[in-house]
Each structure stands twice: as structure tokens, then as C-alpha cells.
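# Descriptive analysis of the structure
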2 protein chains.
Amino acid sequence: MSPRPKVGLEINEILEAAGEIADVFGIQEVTLANLAKKLGIRPPSLYNHFDGLGGLRKKMAIYGINCLYEELAPSAIGVSGDEAVLAISNAYVNFARKHPGIYEATLMAPDMEDEDVQQAGAKVVELSVRVLQAFELKGDRALHAVRGLRSILHGFSALEQSGGFKMDLDLNVSLEIIIKAFINGMRAS
Amino acid sequence: MSPRPKVGLEINEILEAAGEIADVFGIQEVTLANLAKKLGIRPPSLYNHFDGLGGLRKKMAIYGINCLYEELAPSAIGVSGDEAVLAISNAYVNFARKHPGIYEATLMAPDMEDEDVQQAGAKVVELSVRVLQAFELKGDRALHAVRGLRSILHGFSALEQSGGFKMDLDLNVSLEIIIKAFINGMRAS
DNA sequence: AAAATAAAACTAATGTTATTAGTTAAAGGG
DNA sequence: CCCTTTAACTAATAACATTAGTTTTATTTT
């Protein structure tokens, strides 16, 4: 076995620091210069932990997807049917509200087709599939339903974050109405 | 009247060039350096047309929203009800497919609360409201429905663009099923 | 037609950034 | 105690946005 001094926590510390910068100052402020300053090291030293800015973005995407999953998974425990879908929906948008930078990083990998990124995303998809299984959708309809749910949740979160919803109308009410309409519509046919 | 030499077409030429760069090479390649090179001028000269990179992003957002509106508006002519909603939905995602960079720029303004940006977006919202009016939703439900439709369309487009839909399943079929489920669900209650 | 004026181009310079190359310190495994 | 790996460092480079000050260009006005 080759020697490996104190790896494991190191990279996670870095990602946490990067996540804080992203949440507080915005994703565009996550530069190697700012990240190094926050960690008390020099920018070139970061190349020992990931392959440049692109490598950081990839690791942040995976880290963010895992964070999201950690919040989604427990929300769906002990509930089923409509209630379960509403539960993970609320958990999803609340995560995006609480961690706007980390959430944004979720979709900012240089190559979203990358195997590691896809693998992290697969867990979230599987969770959605399980929650939607109660509706007993036939064949491909279950997969279309997963796409619909993800589209709604991501679109809603992204638009809310970028100030796309201007009107004075309660956002949580909107989400509940939208989700209920979608699952009722999927169930109907 | 003060002298104004050949303004009017100038800025639109610049935005078209920026849009081409965004569509072909990605939004991150829309730099002042690349844009100036494409236009055959030096980077500092661009400051005569907009206020730096932030100013360009704002103008590109407005330009992109207007482009989107130009494609959406005619698609809803001569149709109504479900057919109209499906028509603008297809027009929306097809625009994002054909102009991924310009579409992305739509939500990349430094300040989405900016009055000019909001004003451009308002036209798209009004169009959605008109199309959904056939469903005779009561009170706030019409506004919630607009939010739902926008969430679906933006989420679907963004996820498709970033490779978020991995599975081998026809995307146009997904969109039709999702939209139909949503409007049927909204109508039901 | 000539002069005045305003827009839009330019050069030069600055500060920030990511990145590479080569080097040094440090820590765990044999 | 030595070896190897990791992770830090310094120094240097290239690309970028941006500012300041200047010159060209073209239209408007006299």
C-alpha cells in the first residue's frame, strides 16, 4: 500500500469552503484566488487537490448533488403517495433556497456526461423513481414522470433564484398547486 | 438635436455577433476579447456601446428574451386550449435547442430585477397568461399556472441542455406528456 | 464648403486571474 | 532511520477586463 498522508478530510474541507463562498457571494466568486485566500494557502497549491478550475467545478457538482440527496432522502421517510412527492419537492426547493451557490454548482460541471457526476445524479433519480412508484405508472410513463418532476423542481428553483418570479404571490402555495396538478394529471391517464 | 452617427443598427450587430459566439462556443466564450476579435475592433472600443461585461450581459438578456418572444408569439396564432399550450411549449424548447447560448443568456443578467429586463420578460409572461386564459382558472390560480408552465419549460430546457436527461427516451414525447398532465391537473380542480 | 461637435475607434498601462514549471518542506510506511 | 508520497511554496506567463487619455471619423451646424 502506498503512503497517503491525511487525505479524506482535506478535500471536503476545501469543498465546504468553496460552498460557503458560493452561497454567500455567488458562484462567480468561487475563484482559485478567493478559495486559496479563504484556506490560507497560495492558489497553485490547490492543484494538488483537483485539476484546476474545471476540476473544482466537477468536484463541487458532485459534492452539491450529494448534499441535495442528503436533504431529500430523509424527507421521504414515513410518507407515501402525494404526501411523499410534496415532501421531497419542498425539501428540494428549500435546499436551493438555503444553499443557492451549492445548488447552482450542481449543474455547473464542465462535462455533465462525466461518469462520476452521472453516478451522483443517479441516486437522486432513483429516489424520485421510488417516490413516484406509488402511482403505478405503466411502462415509460414512470420515466416521463421523473423528468417532469425534475423539470418542475429545477425550473422553479432556478427561476426563484434568479428573480424570475416577480409577482406578489406566495411561492410555497405555487409549488404545492403545481406539484399537485402535475401528479393528478399523470395519475388521470 | 445632438449629432448621432449611425447608432441603431450598431448595437444589434454586436448582440448578433455575441449571440453567435454563445450558441457555437458556449456562453463562457463570450468575452470582450473574443467579441472584439469577431467584430474586427479592439476590446476597449466596446465600452462605447455598453458598460463592460456586465452591461453586455444585461443587453444580451434583453436581446435573448425578445428573440424568444418572437418565436413564441406566432406559434400561438390560430390555436387555442391544449393545442395552444403545446404549441408554445414546443416553440420554447425548440428555441432553447436552436439557440442554447442565447437562451442561457436570457437568465444571465447581472441584475434580473432590472427594469428593462423585467419589461422584456413581462411580454412573455403576458403571452403565457393569454394562452392559459382559455382554461378559465379562478383568481390566483391563473398566476400559479403561469409559474408552473414557466418552471416546466425552463427546467426541461435547462436540464436537456446540460445533459441532465440521460435515459434513452424521446424528449418530445416527455414534454407532451408532462405538459398535458400539468394542464389537465390544473383544469381538474 | 468649412468649422464645430459627438461618437467611436485607437494605444498604452494596470490589476486580476488561471495556469505551468520547478522546488522545498513534511508526514507516514518500510 | 530512510524512502516515498503529498502538499505546500516561489517565480513566471498568458489571457482577460478595465481605465485613462488620444485620435479618427462622420454628422450637424454655421
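Data block above holds the structure.
Residues numbered from 1 in each chain as written. Chains lettered and ligands numbered in written order. Predicted model: local features only at pLDDT ≥ 70, side-chain atom pairs only at ≥ 80, totals over all residues. Heavy atoms only, no water.

## Quick word on the relation of the copies chain B and chain A
If you rotate chain B by 180 degrees and push it 0.0 Å along the axis, it lands on chain A with an RMSD of 0.0 Å. Overall, the copies show the geometry of a two-fold rotation axis. When the interface residues of chain B are mapped onto chain A, 100% of them again lie at the interface, so the same face is used by both copies. (Least-squares fit on C-alpha atoms with pLDDT ≥ 70 in both. Contact = heavy atoms within 4.5 Å.)

## Notes on the environment of His99 of chain B
Position of His99 of chain B among the secondary structure elements: in the loop between helix H4 (81-98) and helix H5 (100-105). Remark: the alpha-carbon pair of His99 of chain B and Leu68 of chain B, spanning 31 residues in sequence, is separated by 9.4 Å. (Helix = DSSP H or I, 4+ residues; strand = E, 2+ residues; numbered from the N terminus.)

## Some remarks on unusual backbone geometry
A negative phi holds for most residues other than glycine; trans holds for most peptide bonds. The backbone of Glu136 of chain A sits at a positive phi, close to 50 degrees, despite the residue not being glycine. Its place among the elements puts Glu136 of chain A in the loop between helix H6 (115-132) and helix H7 (141-161).

## Topic: the nonpolar core
Membership of the largest hydrophobic core comes to 122 residues, with the highest contact counts inside it found for Leu35, Met60 and Ile179 of chain A together with Leu35, Met60 and Ile179 of chain B. Among residues more than four places away in sequence, those in contact with Met60 of chain A are Leu15, Ala18, Gly19, Ala22, Ile27, Val30 and Ala105 of chain A. (Core = buried A, V, L, I, M, F, W, Y, C linked by side-chain atoms within 4.5 Å. Buried < 20%, exposed > 50% of the residue type's maximum accessible area, 1.4 Å probe, protein only.)

## A word on the interface of chain B and chain A
On the chain A side, the residues contacting the 35 residues of chain B number 35 residues. Summing both partners gives a buried area of about 3,400 Å² for chain B against chain A, and 69% of it is carried by carbon and sulfur. A per-residue breakdown of the area chain B buries against chain A is headed by His144, Arg147 and Leu169 of chain B, which together make up 21% of the total. Here chain B is connected to chain A by zero salt bridges. Between the two partners, chain B and chain A, sit 10 residue pairs in polar contact (both at pLDDT 80 or more). For the side of chain B that touches chain A, the secondary-structure elements that each account for two or more residues are helix H7 (141-161) and helix H8 (171-188) of chain B. At 13 residues, H7 of chain B tops the list of elements feeding residues into the side of chain B that touches chain A. When the residues that make up the side of chain B that touches chain A are grouped by side-chain class, the tally is 17 nonpolar, 11 polar and seven charged. (Buried area = accessible area lost by both parts, 1.4 Å probe. Salt bridge = Lys/Arg side-chain N within 4 Å of Asp/Glu carboxyl O. Polar contact = N/O pair within 3.5 Å; in protein donor to acceptor, adjacent residues only side chain to side chain. Nonpolar A, V, L, I, M, F, W, Y, C, P; charged D, E, K, R; others polar.)

## A closer look at helix H4 (residues 81-98) of chain A
Residues and elements named next belong to chain A. In this model H4 runs 26 Å from its N-terminal to its C-terminal C-alpha over 18 residues, within 8% of the 26 Å that 1.5 Å per residue would give. Taken together, the buried positions of H4 are Gly81, Ala84, Val85, Leu86, Ile88, Ser89, Ala91, Tyr92, Val93, Phe95 and Ala96. Among the structural elements, helix H3 (52-75), helix H5 (100-105), H6, H7 and helix H8 (171-188) are those in contact with the buried residues of H4. (Expected span 1.5 Å × (residues − 1).)

## With respect to the packing of aromatic side chains
In this structure the tally under the stated criterion is four aromatic pairs over all chains. Judged by centre distance (5.3 Å) and plane angle (50 degrees), the ring pair of Phe156 of chain A and Phe165 of chain A falls under tilted. Phe165 of chain A carries the same exposure label as Phe156 of chain A, and that label is buried. On the basis of an interplanar angle of 75 degrees and a centroid distance of 5.6 Å, the ring pair of Tyr92 of chain B and Tyr103 of chain B is categorised as edge-to-face. Placement of the pair is Tyr92 of chain B in helix H4 and Tyr103 of chain B in helix H5, with a sequence separation of 11 residues. The class for Tyr103 of chain B is buried, based on a relative accessible area of 3%. (Phe/Tyr/Trp six-rings, centres within 6.5 Å; stacked < 30°, edge-to-face > 60°.)

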